[in-house]
There are 2 protein chains.
Amino acid sequence: MELAEAKLKFIEAWGKLGSEWGINRTMAQVHALLLVSPEALTTEEVMAELSISRGNANMTLRDLMDWGLVEKQHKTGKRKEYFYAEKDTWIIARRVAEERKKRELDPVIKILGQLSEVKGDEKDPAFNAFKSSVTDISKLANNVNKTLDTMLKAEENWFFGSIFKIFK
Amino acid sequence: MELAEAKLKFIEAWGKLGSEWGINRTMAQVHALLLVSPEALTTEEVMAELSISRGNANMTLRDLMDWGLVEKQHKTGKRKEYFYAEKDTWIIARRVAEERKKRELDPVIKILGQLSEVKGDEKDPAFNAFKSSVTDISKLANNVNKTLDTMLKAEENWFFGSIFKIFK
DNA sequence: AATATCTTTCATTTATTTTTGAAAGTTTGA
DNA sequence: TCAAACTTTCAAAAATAAATGAAAGATATT
């Protein structure tokens, strides 16, 4: 397999994985493209490589910057803006975890907290089933939350050194 | 807040979370409904509670069974089929992890393995950037994979006892 | 074996998400 | 200050995903 073909396969696979995890396929593909690119690319180049429109490229690049996965660069003497992807997988994983935690886990934990406050008839099986499911899920969510907090504070070496080693 | 309202909020929140993670909203909602229901429900009841069609209810319940989150029950003397959700959050988390690993992680690891075999000019920055990104992601994916394997084999007590305690 | 009850399928419709591209907005330099 | 170079916006269109419901397929009952 040659580089060009491998690149396409990688972009395709990354896009598919992204869409299975609720991330816009194009966004994942642009990320993949920038990930394997040694140089920062312009909007034009992204548009051309992936055959997407200017509007799409612009919005997608903005989203990737919001996720902290891509940053703008300016090259001296050039008018154009260049986009460069963070290459360190540990940082990528952290940024994604951080964003999803903030956007999804935090709101859900808040709701679960409210819902586990609900009062009712302790003789009613419907009430008990509700209470116990919500309480259990709430506990799990809070555990995941604590785990993520620790991970987000941690250093790469700590993470790869201790977590993964636990699992042999 | 009373039970009926809390139940609706829970179903709504679970559905939203599901859709953010690439799981059909209705599927997550049906799961939520069954989770807080002390008794197994019929297709009719699921249809009525969530105002969805027979076809949708049927397919969604089948999917939930494929995920190992819901099972059919038969009540003696009754013709209808009843559906019951696994309530143990540890088992739910395991089943979801197991399925997603099988459906998504395994295929991606296979592709990454192939892609990291690609040969090319070591003086070419494009080749080196590709190789190093793919190799790093491949390593991360394999670490996650090992972690999941261990987790899937593990017992609940082991998991809650050691993993979460590491994180204080 | 005919009928009633219940389940599954799938072509069509509906809803949601994503993309487009032209127009408006912004910045830079002559 | 003007206009060329570049970026952003967003209403409309296209693509994709999900839901419907009637019909076909099962299964149990008499």
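As the structure is a computational prediction, the values presented were derived from the model and not from experiment. (Residues numbered from 1 in each chain as written. Chains lettered and ligands numbered in written order. Predicted model: local features only at pLDDT ≥ 70, side-chain atom pairs only at ≥ 80, totals over all residues. Heavy atoms only, no water.)

Taken together, 17 residues lie around DNA strand C, and A:Thr26, A:Ser53, B:Asn58, B:Arg62 and B:Arg79 are the ones closest in. Considering DNA strand C, the proportion of its atoms within 4 Å of the protein that are sugar or phosphate atoms stands at 71%. Side-chain polar atom of A:Arg79 to a base oxygen of DNA strand C: 3.1 Å apart, as the coordinates give it. Within the side chain of B:Lys72, an N or O atom sits 3.4 Å from a phosphate oxygen of DNA strand C. Of all the secondary-structure elements, those providing two or more residues to the surface near DNA strand C are helix H4 (54-66) of chain A together with helix H4 (54-66) of chain B. Among the elements that take part in the surface near DNA strand C, H4(B) stands out by supplying five residues, more than any other. Tallied by class, residues from the surface near DNA strand C come to two nonpolar, eight polar and seven charged. (Near = heavy atom within 4 Å. Polar contact = N/O pair within 3.5 Å; in protein donor to acceptor, adjacent residues only side chain to side chain. Helix = DSSP H or I, 4+ residues; strand = E, 2+ residues; numbered from the N terminus. Nonpolar A, V, L, I, M, F, W, Y, C, P; charged D, E, K, R; others polar.)

Superposing chain A onto chain B takes a rotation of 180° plus a shift of 0.0 Å along the axis, which leaves an RMSD of 0.0 Å. The operation mapping one copy onto its partner corresponds to a two-fold rotation axis. If distances are taken from each C-alpha of chain A to the rotation axis, the shortest is found for A:Gly22, at 2.1 Å. Both copies contact each other with a shared surface, as 100% of the interface residues of chain A are interface residues in chain B too. (Least-squares fit on C-alpha atoms with pLDDT ≥ 70 in both. Contact = heavy atoms within 4.5 Å.)

On to the domain arrangement of chain A, then. Residues and elements named next belong to chain A. Per the domain assignment, the segments of chain A are domain 1 (3-85) and domain 2 (89-166). Using C-alpha coordinates to define each centre, domain 1 is positioned 31 Å away from domain 2. Tallying the contact residues gives eight residues for domain 1 and six residues for domain 2. Roughly 660 Å² of surface becomes buried between domain 1 and domain 2 when both sides are summed, with 62% attributable to carbon and sulfur atoms. It is Trp-67, Gly-68 and Leu-69 that lose the most area in domain 1 upon contact with domain 2, and together they represent 66% of the buried surface on that side. On inspection of domain 1 and its partner domain 2, the count reaches zero salt bridges. On the surface where domain 1 and domain 2 come into contact, there are two residue pairs in polar contact (both at pLDDT 80 or more). Taken together, the residues that form the side of domain 1 that touches domain 2 break down as five nonpolar, two polar and one charged. (Domains from an automatic or database assignment. Buried area = accessible area lost by both parts, 1.4 Å probe. Salt bridge = Lys/Arg side-chain N within 4 Å of Asp/Glu carboxyl O.)

We now examine the pairing of strand E3 (residues 81-85) of chain A. Walk down a regular strand and you will see the side chains alternate between the two sheet faces. Residue and element names in this part refer to chain A. Looking at chain direction, strand E1 (residues 41-42) and E3 are connected through two bridges and run antiparallel. Bridging from a neighbouring strand, Leu-41 pairs with Phe-83 of E3. Both strand E2 (residues 70-74) and E3 contribute to a ladder of five bridges, which runs antiparallel. Pairing of Gln-73 across the sheet is with Tyr-82, part of E3. (Pairing = 2+ DSSP bridges.)

Moving on to the protein's contact with DNA strand D. Close to DNA strand D lie 17 residues, the nearest being A:Asn58, A:Arg62, A:Glu81, B:Thr26 and B:Ser53. Near the protein, within 4 Å, the atoms of DNA strand D are sugar or phosphate in 71% of cases. For DNA strand D, a phosphate oxygen lies 2.3 Å from a polar atom in the side chain of A:Asn58. One of the side-chain N or O atoms of A:Lys72 is found 3.4 Å from a phosphate oxygen in DNA strand D. Elements supplying a minimum of two residues to the surface near DNA strand D: H4 of chain A together with H4 of chain B. In terms of residues, the surface near DNA strand D owes the most to one element, H4(A), which gives five residues. Considered class by class, the residues forming the surface near DNA strand D number two nonpolar, eight polar and seven charged.

Before going further, it helps to spend a moment on the sheet that holds E2(A). Residue and element names in this part refer to chain A. Taken in spatial order, the three strands line up as E1-E3-E2 in an open sheet, and their pairing is antiparallel. Because the sheet does not close on itself, it has two edges, and the strands there are E1 and E2. Of the strands in this sheet, E1, E2 and E3 touch helix H2 (residues 25-35), which is tilted by about 90° from E3. Of the strands in this sheet, E2 and E3 touch H4, which is tilted by about 110° from E2. (Axes fitted to C-alpha atoms, helices over the stretch in contact; angles between N-to-C directions.)

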